[in-house]
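Coordinates in review
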Amino acid sequence: MAVNLQKGQRVTLDNSMKLALVGLGWQTNQYDGVDFDLDASAFLLGANGKCMRDEDFIFYGNLSSRNNAVVHQGDEVKGGDGNSDDEQIIIDFTKIPPEVEKIAVCVSIYDAENNHQNFGQVSSAYIRVAKLAGEFDTVGEDQIRFDLAEEFSIETALVICEIYRHNGEWKFNAVAQGYQGGLATIVRNYGLQC
Amino acid sequence: MAINLQKGQRVSLDDSLQMALVGLGWDVNQFETGGSYDLDASAFMLGANDKLIVDSDFVFYNNLSARNGAVVHKGDNLTGEGEGDDEVIIINFNKIPDEIQKIAICVTIHDPTNRLTFGQVSNAFVRVAKVSSEFDLVGEDQLRFDLGEEFSIETALLVCEIYRYNGAWKFSAVGAGYSGGLQALVDKYQ
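Parameters at a glance
Residues numbered from 1 in each chain as written. Chains lettered and ligands numbered in written order. Predicted model: local features only at pLDDT ≥ 70, side-chain atom pairs only at ≥ 80, totals over all residues. Helix = DSSP H or I, 4+ residues; strand = E, 2+ residues; numbered from the N terminus. Rg over C-alpha atoms; globule rule 2.2 N^0.38 Å. Buried ≥ 20, exposed ≤ 12 C-beta atoms within 10 Å, placed from the backbone. Core = buried A, V, L, I, M, F, W, Y, C linked by C-beta atoms within 7 Å. Contact = placed C-beta atoms within 7 Å. Pairing = 2+ DSSP bridges. Axes fitted to C-alpha atoms, helices over the stretch in contact; angles between N-to-C directions. Nonpolar A, V, L, I, M, F, W, Y, C, P; charged D, E, K, R; others polar. pLDDT = per-residue confidence, 0-100.

Right, let's get into the overall build of chain A. Assigned secondary structure in chain A consists of three helices and 11 strands. Scanning chain A from its N terminus toward the C terminus, one meets helices and strands in the order β-β-β-β-β-β-β-α-β-β-α-β-β-α. A globule of 194 residues ought to have a C-alpha radius of gyration of about 16 Å, and chain A, at 15 Å, matches this closely. Its C-alpha atoms give chain A principal-axis dimensions of about 50 × 35 × 30 Å.

Here's what the structure looks like:
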């Protein structure tokens, strides 16, 4: 049963998830202007909360992590109808390297600053995190879902949630922290150069 | 104590707001060859599919009041003279039909010779003020959105949207320009 979240809410969720799907959907630009290119990404973080190597940052330029623990299904550049996923990332918890303590899931708008875009302008944009029953399940059961345009406005990059180890189990926090300055800001916050 | 919004920003309206004055203003750059310019405010009451349900929900200089008086246009200012608001639209939240999900507020250039565009219009703004009656033309400012200088050949602007979300009214500072004037917006919403 999906929890429709508001910014700032923290939820502890089902920790029996072995396989999770991060789904991102949005509508093509309903106003005049350049299409919105939203990008889902994930960071594999160590105990210090930082990304230990470039390959642990999964995004349109690096689609799968070591061991295929986290796999991005490909970049969508314009959006669709806002009712179904335009980008997806699959996380297999059984394959996450032991030194990874946390996975941060993020969404950003590509080239937002040049295009004068922000999340407040994107129609029907959502991100969901679903529990998958197995590798052939492409829909999953929603655990959390955010309506991005209503919960964020002038931001251009968001850390949506962090999935982290605690006492041998995976737990879930809906962080919902927005940043201006695009994906680069988040990349630097996690200790990588860009 | 009004808040100033930037493009893309969305805010909740005060839930005690029963009647709002939407004031629109602009300046036409004085480099033009004299004469005055006619810019027109309009409002579209839209259903869940972002379209007009009945034609009379399109409020503009030739249809000054929507059904039930939910949205009332205070009249066409033909020259843009004067400080402050150039045109005013009053929204009566209690009278908005339940099927209406959004009110789109627009400004368009009425120029049969196609000389003027929003590239030549500056200081365009919209303000939303709380008023207690339709005779209060000042009200208590809640928010303001200054549209800035980013337009060039556009002749129609979707300034803002006032819409329902989770049972409350919100304001979205849109500021999107279109070419094709008022007709482009009518086509979008019909």
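Let's pick the thread back up.
Here the focus is unusual backbone geometry. All names here are of chain A. Unusually for a residue other than glycine, Asp 111 sits at a positive phi of about 60 degrees. Here Asp 111 is to be found in the loop between strand S7 (102-109) and helix H1 (112-115). With 14 C-beta atoms packed within 10 Å, Asp 111 lands in the partly exposed category.

Okay, the nonpolar core next. In this structure, Val 22, Ile 103, Val 105, Cys 106, Val 107, Leu 148 and Ile 160 of chain A are the most contacted members of the largest nonpolar core, which totals 55 residues. If near-sequence neighbours (up to four positions away) are discounted, Ile 103 of chain A is found in contact with Ala 42, Phe 43, Leu 44, Leu 45, Val 70, Ile 91, Glu 162 and Ile 163 of chain A. By size, the runner-up hydrophobic cluster in this structure holds 53 residues, among which are Leu 24, Ala 70, Ala 104 and Ile 162 of chain B.

This part is about helix H3 (residues 182-189) of chain A. Residues and elements named next belong to chain A. Listed in full, the buried residues belonging to H3 are Gly 182, Leu 183, Ile 186 and Val 187. On its buried face, H3 is in contact with strand S3 (38-45), strand S4 (57-58), S7, H1, strand S10 (157-166) and strand S11 (169-179). Just downstream of H3, Gly 191 is the residue with a positive phi angle, here 90 degrees.

Let us look at the sheet that holds strand S7 (residues 87-92) of chain B. Remark on secondary structure: sheet strands pair via backbone hydrogen bonds, oriented parallel or antiparallel. All names here are of chain B. In spatial order, the strands read S1-S10-S9-S3-S7-S6; together these six strands make up an open sheet with mixed pairing. Strands with a single pairing partner mark the edges of an open sheet, and in this sheet they are strand S1 (3-5) and strand S6 (71-73). Taken pair by pair, the neighbouring strands of this sheet meet at an average axis angle of 20 degrees, ignoring direction. With six bridges connecting them, strand S3 (residues 19-28) and S7 associate as antiparallel partners.

What follows concerns the interface of chain A and chain B. The interface is formed by 10 residues belonging to chain A together with 11 residues belonging to chain B. Partitioned by chemical class, the residues of the side of chain A that touches chain B number three nonpolar, five polar and two charged.

With that settled, consider the environment of Pro 97 of chain A. Residue and element names in this part refer to chain A. Inspection of the secondary structure puts Pro 97 in the loop between strand S6 (87-92) and S7. Placed 31 residues apart in sequence, Pro 97 and Arg 66 show a C-alpha to C-alpha distance of 8.1 Å. The residues touching Pro 97, leaving out its near neighbours within four places in the chain, are Arg 66, Asn 67 and Ala 69.

Here the focus is the confidence of the model for chain B. Residues of chain B with pLDDT of at least 70 account for 93%, and the chain-wide mean is 89. Interface predicted TM-score (ipTM) for the complex: 0.75; the corresponding pTM is 0.84.

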